[in-house]
Amino acid sequence: MNRIKVITDPVELVLIIHTINSNTKKRLFNELSNEWLTETIIKEKYGEEGISTVSLLNKLKLVEVKWQTNQNNQAEKAYRTYYSAFQINITAPISEMVDIMYITSLSNSKFNEIENKILKIVGNEWKFYTDISKEVGVSPSVIKAVAKRSTKLEVKGHKIGKSESIEGPQFK
């Protein structure tokens, strides 16, 4: 079945670019687009980076998940890409696109600094991303881009909060 992911919000580009920003992630994404892979196979072939990548893809709803039995007759999650194509239709101010590309290309340590500031501000509540941007001292598009790239934050409407299913770099 062909499913197309339609992208109309420029911040959603963060998820596409960040999910394939390394050779390992690119190979994993390509393999997931062709077949189902279990957590065990992903970990064997791609290591911890593969596990964290699938966790992010799952959060972003870019993969579908099913349970299947392995060779030991134990249930195990298997993953495959949900979409077969992307359709990108966006118009955005250059300043917003620069913010998005900046967050996409940040090193993990710099990204974690900003992410931790936001987590501290949010606590256990949902806060408007414009209010968070004033406290952090960056534009609202930076805050939304960080939340899109993060496995610990979620965007719901105009608010940002802690992800309800924080899986971090490893599966639970």
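From a predicted model like this one, the values you see are computed outputs, not experimental measurements. (Residues numbered from 1 in each chain as written. Predicted model: local features only at pLDDT ≥ 70, side-chain atom pairs only at ≥ 80, totals over all residues. Heavy atoms only, no water.)

## Examining helix H4 (residues 94–105)
Look at H4: 16 Å from first C-alpha to last across 12 residues, which is about the 16 Å you get at 1.5 Å a residue. Buried within H4 are the following residues: Asp99, Ile100, Ile103 and Thr104. Looking straight down H4, one finds that the buried residues subtend no more than 130° of arc, so they occupy a single side. Exposed side chains of H4 directed beyond 90 degrees from the buried face belong to Ile94, Ser95 and Ser105. Where the residues of H4 are buried, they touch helix H1 (12–18), helix H5 (108–122) and helix H7 (140–149). (Helix = DSSP H or I, 4+ residues; strand = E, 2+ residues; numbered from the N terminus. Expected span 1.5 Å × (residues − 1). Buried < 20%, exposed > 50% of the residue type's maximum accessible area, 1.4 Å probe, protein only. Arc of directions from axis to C-beta. Contact = heavy atoms within 4.5 Å.)

## Points about the packing of aromatic side chains
One pass over the structure, following the stated rule, counts 1 aromatic pair. Summarising the aromatic geometry, the rings of Tyr82 and Tyr83 are spaced 4.9 Å apart at their centres and angled 85° between planes, so their arrangement reads as edge-to-face. Here Tyr83 falls in the partly exposed class, since its relative accessible area comes to 22%. (Phe/Tyr/Trp six-rings, centres within 6.5 Å; stacked < 30°, edge-to-face > 60°.)

## Overview of the sheet that holds strand E7 (residues 153–156)
Strand order in the open sheet made by the 3 strands is E6-E8-E7, with antiparallel pairing throughout. The open sheet has two edge strands with one neighbour each: strand E6 (127–128) and E7. Pairing between E7 and strand E8 (residues 159–162): 4 bridges, direction antiparallel. Opposite Glu154, over in E8, you have Gly161 as the bridge partner. Packed on one face of the sheet, H7 meets E7 and E8 and runs near 120° to E7. (Pairing = 2+ DSSP bridges. Axes fitted to C-alpha atoms, helices over the stretch in contact; angles between N-to-C directions.)

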